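Single-letter residue listing:
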Amino acid sequence: MFQSARLKLTLWYVLISVLISAIFSVILFFVSHRELERSYRRIAVFQSVESQFGINLPPPPGPNPENLEIAENRVIKNLAYANLFVLILSAMTGYIFAGEALKPIKKMVDEQNQFIADASHELRTPLTSMKTAIEVNLRDKNLDTKSAKEILENNLSDIDSMKRLSDNLLLLTQFEKNVVKPLMQKVSLKEIIEEAAKKVQYLANEKNISLKTAVPKNYIVGDKEKLIQLFVIFLDNAIKYSFKGGKIYVNSEKKDGTLAVEIKDNGIGISQKDLPYIFNSFYRGDKSRSKELVDGFGLGLSIAKKIIHLHHAKVSVKSIPKKGTTFTLVFNAEK
């Protein structure tokens, strides 16, 4: 598809280039023709004066009348060669420029197709699980109320999982379409992080993880709800990828008009080859990293990146496998 589009775009480049070249060639030919005729008239006047007064004058500059047609033919020939050169050059450069122009579109379409494929895969997994469980138990003639209740509970869990996925997909789509309208106001970063910590505390308790925050009462401009969601994502990830009994620290430092927040854990870490892709949708890293931690769809950090961009902030990450990960968020500080 893109090769066909590239050829069509190249053809348009060539047609436009040849059209412009042809227009300039016609203009140049008429200008040259006029100059040649002017020279011819000067020579004609010169010859008339010589014959009338019988004097010998130095010949004026310009072609001889008999060479006028030869000169015009030479101009036409040179212009034809020039147009041929423009045709070849425009075809080569047009093909290159068309490829470069279509690259972002191709990348976007490829990412969209990959996104759809990944979303379909994530939805298919719980649906297949539900379908299999129902089919197997329908064949069981001894199915009792207790077993049926367990099936319904498992199916309800899968439905909740699919609902979370659809909600996240809808949110990502809204970010992509720039329809998210943040309510920007001066907010306390300390309050936001404490609120986010409360929301994930039960997850930390389940794994006996210590969650400590040391954030002074500094201020930034942002959407409070979106910022809470942002830190919930990072804290949830830190808990998810930490070992039982681990520790998570959230620190903040104000410097040169910026406010840097660190979320640090001593969990399983991220391999160097995975670091460039962790903010991609559905990216979960290698299988060895996710053996213990299968919950989730790999959309959290994609949403986090959108919220960070929404607040004109920056994010960086450092990680050492089996020793931990540190995410650093940098915001513009308010007085």
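Here's what I pulled together on the structure shown here. (Residues numbered from 1 in each chain as written. Predicted model: local features only at pLDDT ≥ 70, side-chain atom pairs only at ≥ 80, totals over all residues. Heavy atoms only, no water.)

1. Remarks on the pairing of strand 4 (residues 247–255)
Here is step 1 of the chain: As defined by bridge partners, strand 2 (residues 210–214) adjoins strand 4 across five bridges and the pair is classed as parallel. Bridging across to strand 4, Thr 213 finds its partner in Val 250.
Here is step 2 of the chain: Strand direction decides the pairing type here: strand 4 and strand 5 (residues 258–265), joined by eight bridges, are antiparallel. Bridged to Lys 254 within strand 5 is Leu 259.
Here is step 3 of the chain: What sits between the antiparallel neighbours strand 4 and strand 5 is a turn of two residues, in which Asp 256 has the positive phi angle 50 degrees. (Pairing = 2+ DSSP bridges. Helix = DSSP H or I, 4+ residues; strand = E, 2+ residues; numbered from the N terminus.)

2. A look at the side chain of Thr 326
Here is step 1 of the chain: Of note, Thr 326 is situated in strand 7 (residues 324–334).
Here is step 2 of the chain: Residues within four places of Thr 326 in sequence aside, it is in contact with Glu 262, Ile 263, Lys 264, Ser 316, Val 317 and Lys 318. (Contact = heavy atoms within 4.5 Å.)

3. A short note on the side chain of Ser 302
Here is step 1 of the chain: Checked against the element boundaries, Ser 302 lands in helix 7 (residues 300–310).
Here is step 2 of the chain: If we ignore the near neighbours within four places in the chain, the residues touching Ser 302 are Leu 172, Phe 279, Asn 280 and Ser 281.

4. What about unusual backbone geometry?
Here is step 1 of the chain: Positive phi is not limited to glycine here, since Asp 256 has a value of about 50 degrees.
Here is step 2 of the chain: Following the sequence through the fold, Asp 256 ends up in the loop between strand 4 and strand 5.
Here is step 3 of the chain: Residue Asp 256 is classed as exposed on the basis of its relative accessible area, which comes to 73%.
Here is step 4 of the chain: Positive phi outside glycine occurs at His 312, with the angle close to 55 degrees.
Here is step 5 of the chain: The exposure class of His 312 is exposed, given its relative accessible area of 65%. (Buried < 20%, exposed > 50% of the residue type's maximum accessible area, 1.4 Å probe, protein only.)

5. Some words on helix 4 (residues 189–206)
Here is step 1 of the chain: For helix 4, with 18 residues, the first-to-last C-alpha span of 26 Å sits near the 26 Å given by 1.5 Å per residue.
Here is step 2 of the chain: Its maximal kink placed at Val 200, helix 4 deviates by approximately 50 degrees.
Here is step 3 of the chain: Of all the residues in helix 4, the buried ones are Leu 189, Ile 192, Ile 193, Ala 196, Ala 197, Val 200 and Ala 204.
Here is step 4 of the chain: Elements that come into contact with the buried residues of helix 4 comprise strand 1 (184–188), strand 2, strand 3 (219–223), helix 5 (224–240), strand 4 and strand 5.
Here is step 5 of the chain: Just downstream of helix 4, Asn 208 is the residue with a positive phi angle, here 55 degrees. (Expected span 1.5 Å × (residues − 1). Bend = angle between axes of the 7 residues up to and from the residue.)

6. Let's talk about the packing of helix 5 against helix 7
For any two helices packed against each other, the geometry comes down to the angle between their axes and how far apart the axes lie.
Here is step 1 of the chain: Where helix 5 contacts helix 7, the axes come no closer than 9 Å and their chain directions differ by 145 degrees. Crossing handedness for the pair helix 5 and helix 7: left-handed. Seen from helix 5, the contacting residues are Lys 226, Gln 229, Leu 230, Ile 233, Phe 234 and Asn 237; seen from helix 7, they are Gly 300, Leu 301, Ile 303, Ala 304, Ile 307 and Ile 308.
Here is step 2 of the chain: In the contact of helix 5 with helix 7, the residues fall into eight nonpolar, three polar and one charged. (Axes fitted to C-alpha atoms, helices over the stretch in contact; angles between N-to-C directions. Left-handed = near helix turned anticlockwise from the far one by under 90°. Nonpolar A, V, L, I, M, F, W, Y, C, P; charged D, E, K, R; others polar.)

7. Some points on the pattern of salt bridges
Here is step 1 of the chain: The tally for this structure, following the rule as stated, stands at five salt bridges.
Here is step 2 of the chain: One salt bridge connects Lys 131 with Glu 135, and the closest N-O pair in it is separated by 2.4 Å. Of this pair, Lys 131 and Glu 135 both sit in helix 2 (residues 68–138), four residues apart, which is roughly one turn of that helix.
Here is step 3 of the chain: Taking the relative accessible area as the measure of exposure, Glu 135 reaches 31% and is therefore partly exposed.
Here is step 4 of the chain: Where Lys 190 meets Glu 194, a salt bridge forms, and the shortest distance between an N and an O atom there is 3.2 Å. With Lys 190 and Glu 194 both in helix 4 and four residues apart, this pair spans about one turn of that helix.
Here is step 5 of the chain: Lys 190 gets classed as partly exposed once you look at its relative accessible area, which sits at 29%. (Salt bridge = Lys/Arg side-chain N within 4 Å of Asp/Glu carboxyl O.)

8. Points about helix 7
Here is step 1 of the chain: Where helix 7 is concerned, the buried positions are Leu 301, Ser 302, Ile 303, Ala 304, Ile 307, Ile 308 and Leu 310.
Here is step 2 of the chain: In the core, the buried residues of helix 7 are packed alongside helix 3 (145–176), strand 1, helix 5, strand 6 (314–320) and strand 7.
Here is step 3 of the chain: His 312 sits one or two residues past helix 7 and shows a positive phi near 55 degrees.

9. Some thoughts on a nonpolar patch on the surface
Here is step 1 of the chain: Among the surface-exposed residues, Leu 11, Trp 12, Leu 15, Ile 16, Leu 19, Ile 20, Ile 23, Phe 24, Ile 27 and Val 31 lie close enough to one another that they form a single nonpolar patch of about 1,000 Å² accessible area.
Here is step 2 of the chain: Tracing the backbone through its elements, the reader meets Ile 27 in helix 1 (residues 2–53).
Here is step 3 of the chain: According to the relative accessible area criterion, Ile 27 is partly exposed, its value standing at 47%. (Patch = residues over 30% accessible without salt bridge, like charges linked within 9 Å, V, L, I, M, F, W, Y side chains within 5 Å. Areas by Shrake-Rupley, 256 points an atom, 1.4 Å probe, with all protein chains shown as cover.)

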